[in-house]
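Spelled out, the chains give:
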Amino acid sequence: MTEPIEVILADSNPLMLQALSEIFERDRRFAVIATSKTAEGFLEASLRVPVALGVIDWALPQLGAERLLHILRD
């Protein structure tokens, strides 16, 4: 079996974040490395531990998902 795909999840809604976490954790192909309620938290986690996949809510508070994507791309 290959190593699981490492994932960071970000969603401002705690219920959605919990549901996404459970979905990914049930699938052995994935390993949830971190979760966040904000774009800043997602950015901090992804800089600390680079992962293959990030799932983000477009309506993240403060920085916002669009700006987060620009920062990650640059």
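Described below are features of the structure shown in this document.

Even without being glycine, glutamine 62 reaches a positive phi, approximately 65 degrees. Take glutamine 62: it is sitting in the loop between strand E3 (53–56) and helix H3 (65–73).

Here the focus is the packing of aromatic side chains. This model, assessed by the stated rule, comprises one aromatic pair. Centroid distance phenylalanine 24 to phenylalanine 30: 5.0 Å. Interplanar angle 90 degrees. Geometry classified as edge-to-face.

Two measures define how a pair of helices packs: the angle their axes make with one another and the distance between the axes. Orientation of helix H2 (residues 39–48) relative to H3, taken along the N-to-C sense of each, is 20 degrees, at an axis distance of 10 Å. In terms of orientation, H2 lies roughly parallel with respect to H3. Here H2 runs over H3; the crossing is right-handed. Here Ala39, Phe42, Leu43 and Ser46 of H2 lie close against H3, whose contacting residues are Leu68, Ile71 and Leu72. Broken down by class, the residue content of the contact of H2 with H3 amounts to six nonpolar, one polar and no charged.

Glancing now at the environment of alanine 59. Secondary-structure assignment places alanine 59 in the loop between E3 and H3. Note: C-alpha distance between alanine 59 and aspartate 11 (48 residues apart in sequence) is 8.0 Å.

It is worth spelling out the nonpolar core at this point. Residues Ile8, Ala10, Ala34, Ala39, Phe42, Leu43, Ala45, Leu60 and Leu68 constitute the largest nonpolar core, which totals nine residues. Counting only elements with at least two residues in this core, the list comes to strand E1 (5–10) and H2. Take this core: its biggest share by element is four residues, from H2. Contacts of alanine 45, omitting those with residues within four sequence positions, involve Ile8 and Ala34. Counting five residues, the second largest nonpolar core, distinct from the first, contains Val7, Leu9, Leu20 and Phe24.

Conventions and cut-offs
Residues numbered from 1 in each chain as written. Predicted model: local features only at pLDDT ≥ 70, side-chain atom pairs only at ≥ 80, totals over all residues. Heavy atoms only, no water. Helix = DSSP H or I, 4+ residues; strand = E, 2+ residues; numbered from the N terminus. Phe/Tyr/Trp six-rings, centres within 6.5 Å; stacked < 30°, edge-to-face > 60°. Axes fitted to C-alpha atoms, helices over the stretch in contact; angles between N-to-C directions. Parallel < 35°, antiparallel > 145°, perpendicular 65-115°, else oblique. Left-handed = near helix turned anticlockwise from the far one by under 90°. Contact = heavy atoms within 4.5 Å. Nonpolar A, V, L, I, M, F, W, Y, C, P; charged D, E, K, R; others polar. Core = buried A, V, L, I, M, F, W, Y, C linked by side-chain atoms within 4.5 Å. Buried < 20%, exposed > 50% of the residue type's maximum accessible area, 1.4 Å probe, protein only.

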